[in-house]
Every structure is written in structure tokens, then in C-alpha cells.
Amino acid sequence: LEEIKISYHACTPAPIHLMESGLFACSPVSPTLAVDLCVLEFMRTLFVWLMPNTTAWCEALESFLDGQGCQLQSK
């Protein structure tokens, strides 16, 4: 968790400013919590691959990291 302060004007709602910063507000009015869009993308990828075993989690993580331009080094 990381606490950040975002300045915004009354004419543009805080959730819009959060989205511009890559964060998804957990409330449409005066949000006090936001989730990084990359984390949401990881969860979406996880649920696409989800099976009742660890292989699904590993495949989702590898696919997510590949989409972020990273690559796992394996044996």
C-alpha cells in the first residue's frame, strides 16, 4: 500500500484525476482508496487462466508479466 495525495479542481472529479494517474477509484465521490490499473489487469488475466491448481496462477502471472514487457527466467 502506498499513500499519495492528488490535487484536483472542483470542476473535474477526483476519480477522473486518479484514472489519469493509472488508478481506479473505489468510490465515485470522494474516494479514499484506489487500485492500480496494472493490478486490475493482473486479476483479469488471472481469472482468464484460473483453474483449481497452481498452474493457472503461474500461467496468469507469466502472461501478465509478458504483457508488461517483463520475462521470467526459468530453469
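Here is a short report on the structure shown in this document. Bear in mind the structure is a predicted one, so any value in this text is a computation, not a measurement. (Residues numbered from 1 in each chain as written. Predicted model: local features only at pLDDT ≥ 70, side-chain atom pairs only at ≥ 80, totals over all residues. Heavy atoms only, no water.)

## Side note on the overall build of the chain
Thought 1: Secondary structure summary: the chain contains three helices and two strands in total.
Thought 2: Taking 2.2 N^0.38 as the reference for a compact globule, 75 residues should give roughly 11 Å; the C-alpha atoms of the chain span a radius of gyration of 16 Å, well beyond that estimate.
Thought 3: Seen through its principal axes, the chain has C-alpha atoms that stretch 50 × 25 × 20 Å.
Thought 4: Long-range pairs, those at least 24 residues apart, make up 4% of the contacts in the chain with a sequence separation of at least 6.
Thought 5: When the accessible surface of the chain is totalled, it reaches about 6,300 Å², and 60% of it is carbon and sulfur. (Helix = DSSP H or I, 4+ residues; strand = E, 2+ residues; numbered from the N terminus. Rg over C-alpha atoms; globule rule 2.2 N^0.38 Å. Contact = heavy atoms within 4.5 Å. Areas by Shrake-Rupley, 256 points an atom, 1.4 Å probe, with all protein chains shown as cover.)

## Description of the pattern of salt bridges
Thought 1: Going through the model one piece at a time under the given rule, you end up with one salt bridge.
Thought 2: Glu41 is paired through a salt bridge with Arg44; the nearest N and O atoms lie 2.9 Å apart. Taken together, the residues span about one helical turn, with Glu41 and Arg44 both in helix α2 (residues 37–49) at a distance of three residues.
Thought 3: For Arg44, a relative accessible area of 48% corresponds to the partly exposed category. (Salt bridge = Lys/Arg side-chain N within 4 Å of Asp/Glu carboxyl O. Buried < 20%, exposed > 50% of the residue type's maximum accessible area, 1.4 Å probe, protein only.)

## Focus: the side chain of His17
Thought 1: Topologically, His17 is positioned in helix α1 (residues 14–20).
Thought 2: The buried category is assigned to His17, whose relative accessible area is 16%.
Thought 3: The residues contacting His17, other than those within four sequence positions of it, are Ile6, Ser7, Tyr8, His9 and Thr12.

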